[in-house]
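Notes for the structure review
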Amino acid sequence: TGKTAIITGASRGIGEATARHFAEQGANVVLAARSEGAITAIADEIGGTAIATDVADYAAVAALVDRTVQAHGGLDILVNNAGLIDPIARLADSDPAEWARVADVNYKGVYHGLRAAIPAMLERGGGTVINISSGAATGALEGWSHYCSSKAAALSLTRCADKEYRDDGIRVIGLSPGTVATEMQREIKASGLNPVSQLEWEAHIPPDWVAKGIAYLCGPGGDAHRGTDFSLKTNEGREA
Ligand code: NJP
């Protein structure tokens, strides 16, 4: 209650569910994504603020943090949730620009968030950064080289950042959500590759469960998981 939180990738899926849950808990919620219409509509509904942001653009992420600090007097929580997997393709079929774009969002986007938020959190005397990770960070799936390697790099950032700021009251925690019922799973299924893409919709975790996991990590429960990936599982006990 009363905390200020930025959630990236808040236009749909896990990010939207997290924005809604945080608002219900009484946080000042700042929604960031590229789809300005979508985040504005959600922000109007939940009493939050929408700031159109491409996380691949550092200047945009820095402006997002600055505007949040100006509006709310500080920043307590950053959820680096924005991510993409499309297009899924085996290495020899991949397009170099599209491959690099996934790294720009899933990996560099997390760095941009950390780089912009940490000074504001130091000013505040502490804070929590949640990086939405994946079982793919430590796994290998056909056609997912861009996604697995970008999530592995982001997990390394989680570890490094938590270590650097451990004594400054800033916690950096990863969360691997398992397979979640969002647009991303529709894209995975459409690719036709890998057993994980054959799952029925009902086998996926509802996005609001993930939102509650994120809220748990932002409270005292997160202390035990800093610098690591906290893993949610599907209701069949399967990891992503
Ligand atoms: O995906 P989806 P999820 N700048 O496609 C935004 C991870 N994860 O909710 O910009 C800013 O419904 C995009 O907004 P827009 C996954 O890797 C998932 O499932 O308007 N935002 C949208 O709001 C990701 O890190 C599963 O297009 C950008 C959001 O990202 C996180 O969970 C499993 C952006 C994507 O919404 C949320 O994914 C797992 C940019 N450049 C990890 N590019 C799963 N679903 O099963 C995209 O292990 N966005």
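This one's a predicted model, so the numbers in the text were calculated from it and none came from an experiment. Per chain, residues are indexed from 1 in the order of the written sequence. Owing to the predicted nature of the model, reporting of local features is limited to residues with pLDDT of at least 70; listing and counting of side-chain atom pairs is limited to 80 or more, with chain, interface and lining totals taken over all residues. Only heavy atoms go into the side-chain values, all of them from the structure, while hydrogens and water stay out.

**Section: the confidence of the model for the protein**
In the predicted model, the protein carries a mean pLDDT of 95, and the fraction of residues at 70 or more is 97%. pLDDT is a residue-level measure of predictor confidence that goes from 0 to 100. Helix and strand assignments follow DSSP, with helices taken as H or I runs no shorter than four residues and strands as E runs no shorter than two, numbered in order from the N terminus. Mean pLDDT values over the elements of the protein span from 93, in helix α6 (residues 183-191), up to 99, in strand β2 (residues 28-33).

**Some thoughts on the site of the ligand**
Contacts to the ligand come from 31 residues, most closely from Arg34, Ser35, Tyr147, Thr182 and Gln185. Pairs of N or O atoms are called polar contacts if they sit within 3.5 Å, as long as, within protein, a hydrogen donor faces a hydrogen acceptor (for residues adjacent in sequence, only side-chain-to-side-chain pairs). Between the ligand and serine 35 there is a distance of 2.5 Å, counted from an oxygen atom to a side-chain nitrogen or oxygen. Contact between the ligand and lysine 151: an oxygen atom at 2.9 Å from a side-chain N or O atom of the residue. Reported accessibility uses the Shrake-Rupley method at a 1.4 Å probe radius. Residues are deemed covered only where the shown protein chains occlude them. Here the ligand, which alone exposes 890 Å², has 98% of that area covered by the protein. As defined here, a cavity is a set of points on a 1 Å grid over the protein atoms alone where a 1.4 Å probe fits but cannot get out. A pocket is an open set with protein on both sides within 12 Å along at least five of seven lines, and residues line them when an atom is within 4 Å of a point. A molecule is said to be in a cavity or pocket once over half of its atoms fall within 2 Å of that pocket's grid points. Counting atoms within 2 Å of the grid points, the majority share of the ligand lands in the largest pocket. Within the residue set of the shell around the ligand, elements represented by two or more residues are α1 (13-24), α4 (96-124), α5 (145-165) and α6. It is α6 that contributes the most residues to the shell around the ligand, three residues altogether. Here a residue is near a molecule or strand as soon as one of its heavy atoms is found within 4 Å of it.

**Thoughts on the packing of helix α3 (residues 58-72) against α4**
Here, axes are lines fitted to C-alpha atoms. For helices the fit covers the stretch in contact, and angles between N-to-C directions go from 0 to 180 degrees. Running from amino to carboxyl end, α3 crosses α4 at an angle of 30°, the nearest separation of the two axes being 9 Å. By the angle between their directions, the pair α3 and α4 is classed as roughly parallel. Between α3 and α4 the crossing geometry is right-handed. For the pair formed by α3 and α4, the contact residues are Tyr58, Val61, Ala62, Val65 and Val69 on the first element and His112, Gly113, Arg115, Ala116, Ala117 and Ala120 on the second. Side-chain classes follow a simple rule in which Ala, Val, Leu, Ile, Met, Phe, Trp, Tyr, Cys and Pro form the nonpolar group, Asp, Glu, Lys and Arg form the charged group, and the remainder, Gly included, forms the polar group. A class-by-class count of the residues in the contact of α3 with α4 yields eight nonpolar, two polar and one charged. Here is the rule for angles: anything less than 35 degrees is roughly parallel, anything more than 145 is roughly antiparallel, 65 through 115 is roughly perpendicular, and the remaining ranges are oblique. It is the rotation of the near helix from the far one that decides the hand of a crossing: anticlockwise by less than a right angle makes it left-handed, clockwise makes it right-handed. Only heavy atoms enter the contact rule, under which two residues are in contact if any of them lie within 4.5 Å.

**Description of the packing of aromatic side chains**
Under the pairing criterion, centres of Phe, Tyr and Trp rings, with the six-membered ring standing for Trp, must be within 6.5 Å; the plane angle then separates stacked pairs below 30 degrees from edge-to-face pairs above 60, leaving the rest tilted. Scanning all chains against the criterion turns up two aromatic pairs. Pairing tyrosine 216 with phenylalanine 230 gives two aromatic rings, centres 5.8 Å apart and planes at 40°, and the pair type is tilted. Linking tyrosine 216 in helix α7 (residues 207-218) with phenylalanine 230 in strand β7 (residues 229-231), this pair joins segments that are 14 residues apart in sequence. Burial classes follow relative accessibility: with a 1.4 Å probe on protein chains only, a residue under 20% of its type's maximum area counts as buried, one over 50% as exposed, and anything between as partly exposed. Look at phenylalanine 230 and you get buried, because its relative accessible area is 17%. In our convention, an over-ring charge means Lys NZ or Arg CZ found within 6 Å of a ring centre and within 35 degrees of that ring's normal. The residue whose ring lies beneath arginine 186 is tryptophan 201, and the NZ or CZ to ring-centre distance is 4.3 Å.

**Focus: the pattern of salt bridges**
Here a salt bridge means any side-chain nitrogen of Lys or Arg lying within 4 Å of a carboxyl oxygen belonging to Asp or Glu. Using the criterion set out here, one finds nine salt bridges in the structure. Note that aspartate 54 is salt-bridged to arginine 101, the shortest N-O span being 3.2 Å. One end of the pair, aspartate 54, is in the loop between β3 (49-52) and α3; the other, arginine 101, is in helix α4, with 47 residues separating them in the sequence. Overall, arginine 101 belongs to the partly exposed group, its relative accessible area being 28%. Note that arginine 124 is salt-bridged to aspartate 76, the shortest N-O span being 3.0 Å. Residue arginine 124 is located in helix α4, and its partner aspartate 76 is located in the loop between α3 and β4 (77-80); the two are separated by 48 residues in the primary sequence. With a relative accessible area of 13%, aspartate 76 lands in the buried category. One salt-bridge network, held together by shared partners, links Glu16, Arg20 and Glu45.

**Brief notes about empty space enclosed by the protein**
Grid points are joined across faces, edges and corners, and a volume is the space filled by probe spheres set on the points. According to the stated counting rule, one finds four cavities of 30 Å³ or more in the structure shown. Of the pockets and cavities examined, the largest cavity occupies roughly 70 Å³. Lining the largest cavity we find Thr8, Val55, Asn80, Asn81, Ala82, Val105, Asn106, Gly109, Val110, Ile132, Lys151 and Ala154. Counting only elements with at least two residues in the lining of the largest cavity, the list comes to α4 and α5.

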